Amino acid sequence: TDTTAVLDGFTISGGNATDLGGGGMRNDSGAATVANVIFSGNFASSQGGAFYSLGTPTLTNVTFRDNSSSNGGGAMFIGGDLTLTNVTFSGNTSGGSGGAVLGGFGSPTLTNVTFTGNTSSSDGGAMFNNGATPTLTNGAFINNVISFVIFIISWAPSVAHCS
């Protein structure tokens, strides 16, 4: 798709990607506009429970809630130069890094983006970047959690003299 493709005013829910990322929507190289869309209750066994992108789409007034991924980016995998404006991520979960967003590469721009109540079992309760270089402006991070469990059998710390 190019910039003339527009998805406006939809709810995308119940998507299930068992082999690939993007349970609700997968964008391998396009530049579509996604506006006034709710992604809710989508799942991916790979990265990006609701949205997987290697392209340059623009997302405006979009909500990602209660999406999940077994392997990173409970709501979204970023692998390109996305633009997100007025986007909310809430209640998303990841069995890997990035409860809401996993950034793989690219230079995404996030403006007025809110992360609330997202959970990761590894790194980044809200967002984890593994090579992406995002620009965040006017963002909010509220009650995001990393929920991994550590079993300590024996631990005897060694403390050296510090000055």
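Rules behind the numbers
- Residues numbered from 1 in each chain as written.
- Predicted model: local features only at pLDDT ≥ 70, side-chain atom pairs only at ≥ 80, totals over all residues.
- Heavy atoms only, no water.
- Pairing = 2+ DSSP bridges.
- Helix = DSSP H or I, 4+ residues; strand = E, 2+ residues; numbered from the N terminus.
- Axes fitted to C-alpha atoms, helices over the stretch in contact; angles between N-to-C directions.
- Core = buried A, V, L, I, M, F, W, Y, C linked by side-chain atoms within 4.5 Å.
- Buried < 20%, exposed > 50% of the residue type's maximum accessible area, 1.4 Å probe, protein only.
- Contact = heavy atoms within 4.5 Å.
- Salt bridge = Lys/Arg side-chain N within 4 Å of Asp/Glu carboxyl O.
- Polar contact = N/O pair within 3.5 Å; in protein donor to acceptor, adjacent residues only side chain to side chain.

Chemist: For this particular structure, what's the right way to read the sheet that holds strand E4 (residues 25-27)?
Modeler: The strands making up a sheet associate through hydrogen bonds between their backbones, and the pairing can be parallel or antiparallel. An order of E4-E8-E11-E14-E17 is seen for the 5 strands of this open sheet, with the pairing classed as parallel. Both outer strands of the open sheet, E4 and strand E17 (127-129), are each paired with one neighbouring strand and no more. Within the sheet, the average angular offset between the axes of one strand and its neighbour, ignoring direction, is 10°.

Chemist: Even after reading the chapter, I still don't get the pairing of strand E15 (residues 109-116), so can you show me in this structure?
Modeler: Along any regular strand the residues' side chains alternate between the sheet's two faces. Here strand E12 (residues 83-90) runs beside E15; their pairing, made up of 7 bridges, is parallel. Paired with Thr 85 across the two strands is Thr 111, which belongs to E15. One ladder, built from 3 bridges, connects E15 with strand E18 (residues 135-137); its direction is parallel. Along E18, the bridge assignment pairs Leu 110 with Leu 136. Across 3 bridges, the pairing between E15 and strand E19 (residues 140-142) is parallel. Residue pairing across strands places Thr 114 opposite Ala 140, the latter belonging to E19.

Chemist: Whenever I open this one, the nonpolar core confuses me. Can you help?
Modeler: The tendency in soluble globular proteins is for nonpolar side chains to be buried as a group. The biggest cluster of nonpolar side chains holds 24 residues, and the ones touching the most others in it are Phe 39, Leu 59, Phe 64, Met 76, Leu 84, Phe 89 and Phe 115. At the level of elements, strand E9 (58-65), strand E11 (76-79), E12 and E15 are the ones that each hand at least two residues to this core. With residues near it in sequence (within four places) discarded, Phe 115 still touches Phe 89, Ala 100, Val 101, Leu 110, Ala 126, Met 127, Ala 140, Phe 141, Ile 142 and Asn 144.

Chemist: Is there a simple way to think about the environment of Thr 56 in this case?
Modeler: Mapped onto the elements, Thr 56 comes out in the loop between strand E8 (51-53) and E9. Since its relative accessible area comes to 39%, Thr 56 is described here as partly exposed. The contacts of Thr 56, once residues within four sequence positions are left out, are Asn 27, Gly 30, Ala 31 and Asp 81.

Chemist: Teacher, can you tell me more about the pattern of salt bridges here?
Modeler: In the structure shown here, the tally under the stated rule is 1 salt bridge. The shortest N-O distance in the salt bridge between Asp 28 and Arg 26 comes to 3.0 Å. Relative accessible area serves as the criterion here: at 33%, Arg 26 is assigned to the partly exposed category.

Chemist: It is not clear to me how the environment of Ser 90 should be interpreted in this structure. Could you clarify?
Modeler: With respect to the helices, strands and loops of the structure, Ser 90 is situated in strand E12. For Ser 90, a relative accessible area of 21% puts it in the partly exposed group. Taking the C-alpha atoms as reference points, Ser 90 and Ser 40, 50 residues apart in sequence, are found 9.8 Å from one another. Ignoring any residue separated from it by four or fewer positions in sequence, one finds Ser 90 in contact with Phe 64, Arg 65, Asp 66, Thr 116 and Asn 118.

Chemist: I'm lost on the environment of Ala 126 in this one. Help?
Modeler: Locating Ala 126 in the fold gives a position in the loop between strand E16 (119-120) and E17. Residue classification places Ala 126 among the buried residues on the basis of a relative accessible area of 6%. Sequence separation of Ala 126 and Phe 89 is 37 residues, and the distance between their C-alpha atoms is 8.3 Å. Those residues within four positions of Ala 126 in sequence are excluded, and the remaining contacts are Gly 98, Gly 99, Ala 100, Val 101, Phe 115, Asn 118, Phe 141 and Asn 144.

Chemist: Is there a simple way to explain the side chain of Ser 120 in this structure?
Modeler: The residue Ser 120 is located in strand E16 in this model. A distance of 3.2 Å separates the side chain of Ser 120 from the backbone oxygen of Asp 123, its partner in a polar contact. In this structure, Ser 120 is in contact with Ser 94, Gly 96, Ser 97, Gly 98, Gly 99, Gly 125, Val 145, Ile 146 and Ser 147, ignoring residues within four places of it in sequence.

Chemist: How should the side chain of Ser 94 be read in this particular structure?
Modeler: Secondary-structure assignment places Ser 94 in strand E13 (residues 93-94). A polar contact of 3.4 Å, which involves the side chain of Ser 94, links it to the backbone oxygen of Ser 97. Not counting chain neighbours up to four residues away, the residues in contact with Ser 94 comprise Ser 69, Asn 71, Gly 72, Gly 73, Gly 74, Gly 99, Thr 119, Ser 120 and Ser 121.

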